[in-house]
Amino acid sequence: MKSCTYKKIILFITLFSLSLFAGQTAALKVVNPSQASISEENIVSFVVEADSASVDSVVITTDTNEAFNIEINPKRSHYCKSINLHFGQNSIKVVGYKKNAVVKEESRDVFLTSKVDKEYRYPPQKYNKIYFHNEENEKICASCHDMKVNEVQGIAFEDITKSNCYGCHKNVTKEKHGHAPAVNWLCTSCHNGKVGIYNQTDKDKTKYSVPDPIGEICFSCHKKNKEEWSKKQFHHEPADSGRCNKCHNSHSSQSEFYLRKSAWELCTGCHKDKIEGMHVVKTFGQKPHPTYGVKDPSRAGKELSCISCHNPHVSNAPSLLQSSTVFGLCSRCHKK
Ligand code: HEC
Ligand code: HEC
Ligand code: HEC
Ligand code: HEC
Ligand code: HEC
Ligand code: HEC
Ligand code: HEC
Ligand code: HEC
């Protein structure tokens, strides 16, 4: 009997404090992203919780002075906006107003990393990676967004807007050249929740982790490439180690083959010392050989670039040359 009364009292206290807690809706709270987070994609999702009793509008302002105005209404608790990022530190301000007076101000620093440019490769110490997709975070969104995976393995969506991932992530596929599995919203063909030797720390942090290195996943669809490349004698380090995503964006890009940058810019991101082309012709008193800015006689309609002479992945010639001998290479463009 006694313990039953205790239980009732405890239950009462719990309910009472819960109701108190529920009464204290924050005037304004930035739910995502957390402060000082790292992003690998050039987009971050701002989710703001706002209480219409204390705030009637919210303005999100980026450090490039883009501003987004959100009207707060009594029927809604959360407001969502995708924000574009530039490389390095982005400082984004969220200000809540009531009748044009500032009620509350919050800010978020988000660091967009680059896999190519050394200056943006390693964020300062204060930053931490975003891991959004866990039960706790998803619960906040589930009242308005369907958080389940609804893709059928290997079968493209006829109407991509029906993918449950689309509403929140449509911007990952917005660039001109889109990669088939991404533009068909087969996201989990890569985001299988597993980790690789280079991202052990992502283990169990998010449902949608992707193994680093990603190579074996790429080859699971690009079987022919694997077969052909494995027969070659020389392999380019970043491709050989399976880190295809150093050069390719898996989703979409402004460059052909979903390259993160045009081929020349990609190569010189890691090999700056080769820009002048001093390495091409090795004779006494050598002159630089062009590596860009002129037409490529060996590839109709294309500009000369590093890949005119080098294969980005593999080769049977040293230095990944496009021909089996240096002389053979020269004569691709210099006849006679
Ligand atoms: C109260 C309902 C509601 C809740 C809760 C909610 N959202 Fe949304 N969200 C929407 C609606 C509605 C849209 C469509 C765009 C609009 O009307 O704002 C949207 C759009 C989005 C977008 C796309 C924004 C853009 O600019 O393209 C993202 C990203 C997003 N939500 C993320 C989230 C996340 C993450 C959570 C949970 C932390 C969440 N939302 C919680 C209602 C909600
Ligand atoms: C309610 C909105 C919402 C929906 C629906 C959603 N996501 Fe996300 N997702 C986010 C947010 C917010 C982040 C954190 C990064 C950011 O701010 O954009 C994120 C991050 C990710 C990441 C990076 C890893 C992580 O957990 O942070 C992957 C991968 C991802 N989402 C895949 C998916 C896939 C696949 C689906 C569909 C099954 C999906 N998402 C559905 C909002 C959403
Ligand atoms: C071909 C493989 C592949 C497919 C398909 C794919 N992704 Fe990714 N995704 C990756 C890789 C690899 C990364 C790791 C970061 C990078 O390389 O830029 C990534 C990163 C991300 C991130 C950013 C994570 C961060 O840390 O900032 C989000 C968000 C994301 N993917 C969402 C999606 C969504 C949504 C889809 C479906 C439309 C999708 N991805 C399809 C391979 C893929
Ligand atoms: C789920 C299957 C699948 C996965 C996984 C996949 N791809 Fe693809 N990829 C395709 C399809 C389908 C195409 C379009 C058809 C084609 O050109 O082969 C394509 C096209 C490409 C192209 C353009 C080929 C061309 O000639 O235009 C590149 C580059 C590419 N993928 C790179 C990658 C990389 C890098 C990865 C790993 C990060 C990857 N793919 C993972 C299915 C996949
Ligand atoms: C060092 C940068 C780099 C890395 C790393 C890299 N690629 Fe590529 N990839 C390129 C470039 C540049 C092209 C375009 C070649 C052209 O224009 O002829 C390309 C083209 C492709 C193509 C289409 C043409 C073809 O050869 O079939 C596929 C498929 C592809 N890459 C897959 C991959 C896969 C899979 C990996 C990882 C095992 C990978 N790449 C790693 C730079 C890279
Ligand atoms: C992410 C960094 C990265 C990018 C981008 C990159 N490389 Fe490399 N490359 C390396 C590393 C690492 C090595 C091996 C160590 C070294 O020789 O510096 C290498 C080696 C090479 C070699 C020498 C190979 C040998 O067998 O001696 C050539 C040639 C080369 N890269 C050409 C290119 C070309 C062409 C591109 C553009 C398509 C490119 N690289 C883009 C990192 C990169
Ligand atoms: C006109 C042809 C040509 C062009 C264009 C060219 N290279 Fe080379 N590259 C060569 C030749 C030939 C060698 C081999 C030199 C030797 O072994 O004597 C070489 C060697 C290399 C090596 C390995 C040897 C070393 O010195 O480390 C790298 C790395 C390299 N090139 C990168 C690049 C990059 C990056 C670009 C674009 C900025 C580029 N190359 C443009 C012809 C070219
Ligand atoms: C992919 C095409 C290509 C390859 C391969 C190539 N070149 Fe060139 N080379 C060019 C172009 C384009 C020019 C610039 C011509 C112009 O400005 O009209 C050039 C210029 C030169 C020049 C300067 C000539 C002048 O008129 O000023 C020399 C010397 C030269 N190349 C030698 C070589 C040697 C040696 C090799 C082999 C190691 C080689 N090239 C490989 C395309 C190539």
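What you see is a predicted model, and the numbers here were worked out from it, not measured in a lab.

### Here's the deal with the sheet that holds strand β2 (residues 37-39)
Here we have six strands laid out as an open sheet, ordered β5-β4-β7-β8-β2-β9, and mixed in their pairing. Every other strand in the sheet has two partners, leaving β5 (67-71) and β9 (128-129) as the edge strands with one partner each. Across five bridges, strand β4 (residues 57-61) lies against strand β7 (residues 88-98) in antiparallel orientation. Of the residues in β7, the one forming a bridge with V59 is V95.

### Some remarks on the coordination of the iron atom of ligand 2
Each protein donor to the iron atom of ligand 2 is listed here as H133 (NE2) and H169 (NE2); together their distances run 2.0 Å. In this structure, the iron atom of ligand 2 is surrounded by six donor atoms whose angles at the metal cover 88 to 179 degrees, and the resulting shape is octahedral. One end of the pair, H133, is in the loop between β9 and α2 (135-141); the other, H169, is in helix α3 (residues 166-169), and 36 residues separate them in sequence. Take H133: its relative accessible area is 16%, and that puts it in the buried class.

### Some remarks on the nonpolar core
Grouped together as the largest cluster of nonpolar side chains are 19 residues, with contacts concentrated most on F46, V58, I60, I72, I83 and V94. Secondary-structure elements contributing two or more residues to this core are β1 (28-32), β3 (43-50), β4, β5, β6 (78-84), β7 and β8 (101-112). With four residues, β3 is the largest single contributor of residues to this core.

### Re the pairing of β8
Sheet analysis places β2 next to β8, joined by three bridges and oriented parallel. Bridging from a neighbouring strand, I38 pairs with F111 of β8. In this sheet, β8 lies alongside β7 in antiparallel orientation, the contact comprising eleven bridges. By the bridge assignment for β8, K93 is matched with S107. Where β7 folds back onto β8 in an antiparallel hairpin, the turn is made up of two residues, including K99, whose phi is positive at roughly 45 degrees.

### Examining the coordination of the iron atom of ligand 8
Ligation of the iron atom of ligand 8 by protein atoms is provided by H289 (NE2) and H334 (NE2), these donors lying 1.9 to 2.0 Å from the ion. Of note is the iron atom of ligand 8, whose six donor atoms meet at the metal with angles of 87 to 179 degrees in an arrangement that counts as octahedral. Linking H289 in the loop between α8 (263-270) and α9 (306-309) with H334 in the segment after α10 (326-333), this pair joins segments that are 45 residues apart in sequence.

### Considerations on the site of ligand 1
The environment of ligand 1 is formed by 18 residues, the closest being C80, S82, C141, C144 and H145. A distance of 3.2 Å is found between an oxygen atom of ligand 1 and a side-chain nitrogen or oxygen belonging to K170. Among the secondary structure elements, those contributing two or more residues to the shell around ligand 1 are β3, β6, α2 and α3. It is β6 that provides the largest number of residues to the shell around ligand 1, a total of four residues. Among the domains, domain 1 (28-130) and domain 2 (143-260) are the pair contributing at least three residues each to the shell around ligand 1.

### Quick word on the domain arrangement of the chain
Each assigned domain of the chain is listed with its residue range as follows: domain 1 (28-130), domain 2 (143-260) and domain 3 (273-336). A separation of 26 Å is found between the C-alpha centroids of domain 1 and domain 2. Between domain 1 and domain 2, the contact holds ten residues from the first and twelve residues from the second. Interface area, domain 1 with domain 2, both sides summed: about 820 Å², of which 44% is carbon and sulfur. The largest per-residue losses of area from domain 1 upon contact with domain 2 belong to E41, I43 and K115, which jointly make up 52% of the total buried on that side. A salt bridge links K129 to D202, with the shortest nitrogen-to-oxygen separation between them at 3.0 Å. Our enumeration of links across domain 1 and domain 2 arrives at three residue pairs in polar contact (both at pLDDT 80 or more).

### Digging into the site of ligand 2
Around ligand 2, the surrounding shell holds 19 residues, and the nearest of these are F132, H133, C165, C168 and H169. The backbone of F132 places a nitrogen or oxygen atom 2.7 Å from an oxygen atom of ligand 2. With respect to ligand 2, the side chain of T206 contributes an N or O atom lying 2.7 Å from an oxygen atom. Of all elements in the fold, only β3 and α3 reach the threshold of two or more residues within the shell around ligand 2.

Criteria and cut-off values
- Residues numbered from 1 in each chain as written.
- Chains lettered and ligands numbered in written order.
- Predicted model: local features only at pLDDT ≥ 70, side-chain atom pairs only at ≥ 80, totals over all residues.
- Heavy atoms only, no water.
- Pairing = 2+ DSSP bridges.
- Helix = DSSP H or I, 4+ residues; strand = E, 2+ residues; numbered from the N terminus.
- Donors = N, O, S within 2.8 Å, 3.2 Å for Na, K, Ca; no water.
- Tetrahedral: all angles 85-135°; square planar, octahedral: opposite > 155°, others 65-115°.
- Buried < 20%, exposed > 50% of the residue type's maximum accessible area, 1.4 Å probe, protein only.
- Core = buried A, V, L, I, M, F, W, Y, C linked by side-chain atoms within 4.5 Å.
- Near = heavy atom within 4 Å.
- Polar contact = N/O pair within 3.5 Å; in protein donor to acceptor, adjacent residues only side chain to side chain.
- Domains from an automatic or database assignment.
- Contact = heavy atoms within 4.5 Å.
- Buried area = accessible area lost by both parts, 1.4 Å probe.
- Salt bridge = Lys/Arg side-chain N within 4 Å of Asp/Glu carboxyl O.

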